[in-house]
Each structure stands twice: as C-alpha cells, then as structure tokens.
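Tertiary structure, described
The chain contents come next:
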Amino acid sequence: QVQLVESGGGLVQAGGSLRLSCVGSGRTISAYAMGWFRQASGKEREFVASITWRRSGATYYADSVKGRFTISRDNAKETVYLQMTSLKPEDTAVYYCAADKHGGGTFIQSEYDYWGQGTQVTVSS
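These remarks concern the structure in this document.

Thresholds, definitions, all that
- Residues numbered from 1 in each chain as written.
- Predicted model: local features only at pLDDT ≥ 70, side-chain atom pairs only at ≥ 80, totals over all residues.
- Heavy atoms only, no water.
- Pairing = 2+ DSSP bridges.
- Helix = DSSP H or I, 4+ residues; strand = E, 2+ residues; numbered from the N terminus.
- Axes fitted to C-alpha atoms, helices over the stretch in contact; angles between N-to-C directions.
- Disulfide = S-S within 2.5 Å.
- Buried < 20%, exposed > 50% of the residue type's maximum accessible area, 1.4 Å probe, protein only.
- Salt bridge = Lys/Arg side-chain N within 4 Å of Asp/Glu carboxyl O.

Before going further, it helps to examine the sheet that holds strand β1 (residues 3-7). Spatial ordering of the open sheet is given by β1-β3-β8-β7, a layout of four strands whose pairing is antiparallel. Each edge of the open sheet is held by one strand with a lone partner, namely β1 and β7 (69-74). Going across the sheet, the axis of each strand differs from the next one's by a mean of 15 degrees, ignoring polarity. By the bridge criterion, six bridges tie strand β3 (residues 18-25) to strand β8 (residues 79-84) in an arrangement that is antiparallel. Bridging across to β8, V23 finds its partner in T79.

Shown next as structure tokens:
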C-alpha cells in the first residue's frame, strides 16, 4: 500500500508561482510513474502532468500547462514535485498526485493505483 500526501498549495496572484510536493510512504514510489491531476469546482478531474519511474523519466503535460508547469521527482526523497509558473485564474483547482505501479505515466486516471487527498491552489486575478 502506498500513501501519498500533497503540500504546497495556497493562494497566489495571477502570474505567480507555486511548487507542489507529493511525498510517498508505505512502499517506495521510485518504481512508480507519478502523475498530477486537478479538479476545479464543478468540473471533472483532469490530467495535468506525469513522469515515468526512471530518475531521468519521460514527462508528459496537458496542453493547458505546457511551458508553464514542470514535473520532477526525487526518488531518494520519495517525492514528486510540480513547479507551477505564470499561474492563471483558470489554474484554480484541487491538485492531486497519483501513483501508477505499471510505470507508464499515462494521462488516464483509471490507470493510477493510489491517490493523495489533494491540495488547494487558488489563483486570484
């Protein structure tokens, strides 16, 4: 079993930056692909970014965040990060990290086996 805990959310002005962290425990997440998803109020949860299990893992991004967000991982710290820059009000959402034991780093939510509780990001205009 893997437990995931996100942190780093908060309130930021448009154009600002935040870095989200997701720490894994229970079992090592170093062999898992990791993803970030988000859910805005009244909307479905959507893919944001993912990274495969290798230390120099391949990364994938939703078009809406490409060039602004960066996903990375530190396997020694059992942590995955999401660096968010040039934030926009439409980035406001609860952000979740998730672990995919198959390692593929897919954008498909059902492929992920473990989920965190989420952290709120609010971007003011």
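Still to come is the rest of the account.
To continue, consider the state of the cysteines. Here, disulfide denotes a covalent bond that connects the sulfur atoms of two cysteines. Applying the stated criterion across every chain yields a total of one disulfide. The partner cysteine of C22 in its disulfide is C97, sulfur to sulfur 1.9 Å. Across the S-S bond of C22 and C97 the torsion is about 50 degrees, and the bridge reads as right-handed. In this pair, C22 is assigned in strand β3 and C97 in strand β9 (residues 93-100), connecting sequence segments 75 residues apart. Each of the two residues, C22 as well as C97, counts as buried.

The next thing to look at is the pattern of salt bridges. Applying the stated criterion to the full structure yields four salt bridges. R68 serves as the salt-bridge partner of D91, at 2.8 Å between the closest nitrogen and oxygen. Here the residue D91 occupies a position in the loop between β8 and β9, and R68 occupies one in the loop between β6 (59-61) and β7, the gap between them amounting to 23 residues. You'll find D91 and R68 in the same group, each marked buried.

With a phi close to 55 degrees, E78 is a non-glycine residue in the positive phi region. You can see E78 is positioned in the loop between β7 and β8. Classification of E78 as buried rests on a relative accessible area of 19%. Even without glycine at this site, S86 takes up a positive phi of about 50 degrees. For S86, a relative accessible area of 41% puts it in the partly exposed group.

Limitation: the analysis is restricted to geometry and does not speak to function.
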